[in-house]
Amino acid sequence: MSVDPDTAREALAALCAVADDPDAYVVRWKERTGGRAIGVFPMNFPSEIAAAGGALPVVIQENREPDSLGRNLLAEFYCGYTRNLADQAAKGTLDIYDAFFQADHCTQLLGAVDVVRAEVPDAPVFFGQLPTSMSDSWAGERALATMRSFVEEMGRFAGTPVTAAALADAIAVHNENRRLLREVYAARRAGNAALSSPEMQVLVKSSMVMDTREHTALLREVVAGLAARPRDDRVRLYLSGHLSHAPRPELLAAIEECGAIVVDDDLFTGGRHISTDVPEDGDPVAALADWYLRRDAVAPCPTLVKHETDWEERLVEAVDASGAEGVVVLMVRFCEPHMLYYPELRKRLNERDIPHLLIETEHEGLPVETVQTRVEALLERIRRNAPLEAIR
Amino acid sequence: MTAPTSSDAADKLNRLAINKAGGRMVADYWEDVFLARERGQKVVWYNGSALNPIFQAAGMAWCHGEAFSARLAAQHLEGPAQLAGSEYGYVGELCSYARTHLGCAVLSQERSAGAGNGPGMVGLPEQQELASRLPTPDVFVNAYAGCSTGQQWDDISFRVFGKDVPIFNVSMPYLWSNRPGEGYMAGEEWEQSSRYVSDQLHELVPFLESITGQPFDWAAYRQNMAYIKQASELRQKAMKLCRHTPAPATFWDWIGNVAHINFLPANQQLVDFFAGVLAEVEQRVADGVAAVRDERYRVYFDGFMNWNHLGLLSRKFAAHDVAVVAGRYTHHAFWQEPQLLDPEAADPFLGQAQNNLLCPMNHATRTTTDLVLRDCDFYDVDGIVFHSTRTCRAFTNPQRLMAKAAQEKRGLATMFFEGDIADASFYKDEVLESRLAAVLEGIDVRRARG
Ligand code: SF4
Ligand code: SF4
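Residues numbered from 1 in each chain as written. Chains lettered and ligands numbered in written order. Predicted model: local features only at pLDDT ≥ 70, side-chain atom pairs only at ≥ 80, totals over all residues. Heavy atoms only, no water.

A.B. asks: Is there a simple way to explain the domain arrangement of chain A in this structure?
C.D. replies: The accessible area lost on association of the parts is a frequent measure of interface size. Residues and elements named next belong to chain A. Segmentation of chain A into domains returns domain 1 (24-162) and domain 2 (232-391). For domain 1 versus domain 2, the distance between C-alpha centres works out to 25 Å. Of the residues lining the interface, 37 residues belong to domain 1; the matching set on domain 2 comes to 33 residues. Here domain 1 and domain 2 share an interface that buries about 3,000 Å² over both sides, 62% of which is from carbon and sulfur atoms. Interface area lost by domain 1 to domain 2 is led by Met 43, Arg 64 and Met 134, which between them contribute 24%. Here domain 1 and domain 2 share two salt bridges between them. Among the ionic pairs, Glu 250 bridges to Arg 64, the shortest N-O distance being 2.6 Å. In this assembly, domain 1 and domain 2 are joined by 15 residue pairs in polar contact (both at pLDDT 80 or more). (Domains from an automatic or database assignment. Contact = heavy atoms within 4.5 Å. Buried area = accessible area lost by both parts, 1.4 Å probe. Salt bridge = Lys/Arg side-chain N within 4 Å of Asp/Glu carboxyl O. Polar contact = N/O pair within 3.5 Å; in protein donor to acceptor, adjacent residues only side chain to side chain.)

Printed below as a string of structure tokens:
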């Protein structure tokens, strides 16, 4: 399919609008369809289940507003995402959701979800704990049982059981969307610089919010209409980390403005989210359980524990595969899983002499100048090929 | 209102005498751990739930990570381990128990590697007294309820040791209670979770046997649980006597014997110790002896312990005539439901699993709130003091909502102060002092109004 550049730009603009204001999209979708929306907490609840139940699954995004009312509900030493969730709950912006699903056990997230439960009392908040110790022989069985409980709960919410056929359809639709997104990622890795890092984020972020078929249609127009643009000689960087939510687009832009180009990432709102497809043969519930276990093997997540796979190994492989010359670790301030794992990443990057930089992010306040000074120092070091150490 | 001086403070707190003798038991236990290798025992590092009766029956020496970090902090010896952690890359906002213990692991691992002759000793020249004597692990066992960090902490230790030390994870479901009828020790979630954890403990047995090379001693395990059940019953009974006014003992006394109930060997000595605790508390009630001279206020303490400032805090509250009569940390953990322990049951692990699941951080906020308000009624408190425990989000999770509920549902006074479990830098004495004074004035005003 070939699409003219204007159509592609319009499609991209439509996706940008959703990424900028997900709530407005959800409200419009509900008005348009008369359907119900499910608020999905990151990072592992499979949206396919909510979609198969006829609802719109939306991975709840951090919003742009300064926190105020929510400050009384969660302490200040929580990650920006969880504090903002509490704030959204307190301000009533989460009232657009008819129910919530939660599958992850991050302790800060659980605290925030409990705030949502208290502040949005009319919407059920269903928590099913997927196994978090992935190497146990019983992890597979446990994942399956939890997926079943999600499917049953979705059926209860929908008022009619979720059928295997509906699940299979939702899985196919989501796989198609993920595959398409991964193609864009692969093209970026291979040298196509048509989309900036903030634009790449828009593609993934909007996919977390929109009706998937609608998203795929727009994404196809973007992919078909954008002319490939070869990379220039900017320094190639890999972005790593930033769990549960998207870093500010301004931050991504600030990094690239320093004379760098992002060639790949394992950000949650990025490569991590789209990394793995759900098998399309066999029992769809079992396929979702399988997806959960395999997803952690493909993109090891620090919120989960396992013996066999290592985030740091996956990271250096991805750096090699993308031709990145350095890594920027984006860490959400107070993000405990990332804080605990970071030294392992640092050690491995140092062993491989891969220059890297740690940038912590918060919900409010982006010290662009400081960030750029530090990124420039990293780029300078890469250009000079100086002795490579962590730059903190 | 003038702030009391610290000398007033020291005078006003009347600690249980028996806890002093109990301190020796704890010191002896650690001595025993330090000499484990010389005795040829295998050493397990574990975090979270009290699995020690299992390790004891397996013939192992056990080292509880949090307990070790807490001990370092209480003795003001945490600095070098935290520095080692920081040099390794752990950010200062990370759980201070974890980064203290991981600091020890890093040092230990480095030393072992340097020596090139297998497991060495955790060591820092300036900390010979304690940290340098901790034996490195032969195995990790993790069973952390209510906190993702707890599980990840051991996984990172496993990685710091180069994945060479075997690890076993017991997954503890968080008790969220989706359905009506589910809650504290109730409903299908409770039944299922109990069985799930018990099943995993059964899987742990052959794993430990593979480490020790010896069969697990089931008879010893049943005997251990019988001791623990008795010790817990005695402790619970003594705690409940603090309902009396003036309170015969305080939260600080219960902190003083947390180690005993949490990880000391299960034996007759343990039972005798808690029998002694109960006897002393009963005697105080009979004699009208107060734990805080001139008790004027009674409060509940919600938060993890601030080990660096334990003495200071206990004196400070007493100096203000405040009896801290109970707390979530001391009263909602540590085999607090001994009736669930049945050493003769067909599945003796079930009661263990259930008590382990009932960790005070492992419930959704509404359950925790109900439990805390139930305690506040029972102990007839004027208010709740929240220790906003900086690096322990698991404990702070429900605090703001609980404070709201305590004010709205019971009209209780509430206050927050900042501090941490094992990082002294987060504690601000002036903040606590001024907030405590203000909250007590508020209580006075309310009383004056009748
Ligand atoms: S994983 Fe990190 S970013 Fe995500 S909710 Fe937990 S603390 Fe926040
Ligand atoms: S954050 Fe708190 S509950 Fe979690 S591991 Fe640390 S001390 Fe334990």
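A.B. asks: Mind showing me how you'd approach unusual backbone geometry here?
C.D. replies: Generally, phi is negative for residues other than glycine and the peptide bonds are trans, each holding for most cases. Residue Met 43 of chain A is reached from Pro 42 of chain A by a cis peptide bond, and omega for that bond is 10°. By the secondary structure assignment, Met 43 of chain A is in the loop between β1 (37-40) and α3 (47-52). Here the bond from Thr 245 of chain B into Pro 246 of chain B is cis, since omega is -5°, no more than 30 degrees from zero. Tracing the chain through its elements places Pro 246 of chain B in the loop between α9 (218-240) and α10 (251-256). At Phe 334 of chain A, a position not held by glycine, the phi torsion is positive, near 75°. Mapped onto the secondary structure, Phe 334 of chain A falls in the loop between β7 (326-332) and α14 (336-351). On the accessibility criterion, Phe 334 of chain A (3% relative accessible area) is buried. The phi dihedral of Asp 294 of chain B is positive, around 65°, even though this residue is not glycine. Checked against the element boundaries, Asp 294 of chain B lands in the loop between α12 (268-287) and β5 (297-302). (Helix = DSSP H or I, 4+ residues; strand = E, 2+ residues; numbered from the N terminus. Buried < 20%, exposed > 50% of the residue type's maximum accessible area, 1.4 Å probe, protein only.)

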